Amino acid sequence: MKFVEYPDRDLMMINLADTISSELKNTLLTQDRATLCVPGGTTPGPAFDSLSASRLDWTRVTILLNDERWVPEDHPRSNTRLLRERLLVGQAAAANYQPLHADTATPEESLDVLGEQIRAVLPITVLLLGMGADMHTASLFPGADRLDEAMSDDAPPLMALRSEAAGEPRMTLTAPVLLEAMSTHILITGAEKRAALERARGLRPSEAPVRAFLADATVHWAE
């Protein structure tokens, strides 16, 4: 794990956006396409604002989420809504967006169709993860109903999970897909999450799911 500490959040968000943009540009020099996988929530919003202005061939980039809450895309808690407002704008409006949500009552009803669509854009070129104070990442929550299956080596690319901490049912990418990313970044802020990260390093992935992704990740942190 590489840990990068920044003097303030603004600098961190700009640096992270520049790093992701550079990695995508370098990939597109030698490959036809690239896949960028990002978290929802409010924390990465400023990085998305900067990244969306990057000048690269976004028509050759597919963007997808780490996970999605099973709510309508215009719902305040929808991760897709955040992306449409903060990332899929400006230069990045030309990117291809692969959703993790469909218009069905439950995620299980859309799992097969969405799973096939996800397979078509793998492997992930650049992965940006977040982390909760409970040490979850994506929708891999400690205590989730199918966490062990989602963390296993033979997990399908996409799974529906439920946990009390998550609130709504979730659709999430699974550990094997996330671990295959060519480049992995983890974005956290504040003393509480830094302490949680340190705890996670001494726990099993079943207790702290983010632990599974730390070895090859660059962690970006600011107070």
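You'll find the structure just up there.
Here the structure is a predicted model, which is why all the values come from computation and not from measurement.

## Remarks on the layout of surface pockets
Piece 1. Roughly 380 Å³ of internal volume is contained in the largest pocket.
Piece 2. For the largest pocket, the lining is made up of 22 residues, of which Gly-40, Gly-41, Gly-130, Met-131 and His-136 are closest to its centre.
Piece 3. Counting residues per element, the ones that place at least two in the lining of the largest pocket are strand E4 (67-69) and strand E9 (183-189).

## Section: the packing of aromatic side chains
Piece 1. This structure, assessed with the given rule, holds 1 aromatic pair.
Piece 2. Over the ring of Trp-221 we find Arg-194; its NZ or CZ atom is 4.6 Å from the centre of that ring.

## Comments concerning helix H7 (residues 190-200)
Piece 1. Those residues of H7 that fall on the buried side of the exposure criterion are Gly-190, Ala-196, Leu-197 and Ala-200. One side of H7 holds all its buried residues, which, seen down the axis, span an arc of 105°.
Piece 2. On its buried face, H7 is in contact with strand E1 (2-5), helix H1 (9-30), E9 and strand E10 (217-222).

## A closer look at unusual backbone geometry
Piece 1. Each neighbour pair has its own omega, and for Leu-122 with Pro-123 the value is 5°, a cis peptide bond.
Piece 2. The residue Pro-123 is located in the loop between helix H4 (111-119) and strand E6 (126-129) in this model.
Piece 3. Look at Met-135: it is not a glycine, yet its phi comes out positive at around 75°.
Piece 4. Looking at the secondary structure, you find Met-135 in the loop between E6 and helix H5 (147-151).
Piece 5. Residue classification places Met-135 among the buried residues on the basis of a relative accessible area of 9%.
Piece 6. With a phi close to 50°, Ala-138 is a non-glycine residue in the positive phi region.
Piece 7. You can see Ala-138 is positioned in the loop between E6 and H5.
Piece 8. What makes Ala-138 buried here is its relative accessible area of 8%.

Parameters at a glance
- Residues numbered from 1 in each chain as written.
- Predicted model: local features only at pLDDT ≥ 70, side-chain atom pairs only at ≥ 80, totals over all residues.
- Heavy atoms only, no water.
- 1 Å grid on protein atoms, 1.4 Å probe; cavity = no way out; pocket = protein on both sides within 12 Å on 5 of 7 lines; lining within 4 Å.
- Points joined across faces, edges and corners; volume = space filled by probe spheres on them.
- Helix = DSSP H or I, 4+ residues; strand = E, 2+ residues; numbered from the N terminus.
- Phe/Tyr/Trp six-rings, centres within 6.5 Å; stacked < 30°, edge-to-face > 60°.
- Lys NZ or Arg CZ within 6 Å of the ring centre and 35° of its normal.
- Buried < 20%, exposed > 50% of the residue type's maximum accessible area, 1.4 Å probe, protein only.
- Arc of directions from axis to C-beta.
- Contact = heavy atoms within 4.5 Å.

Read these as geometric descriptors, not functional statements.
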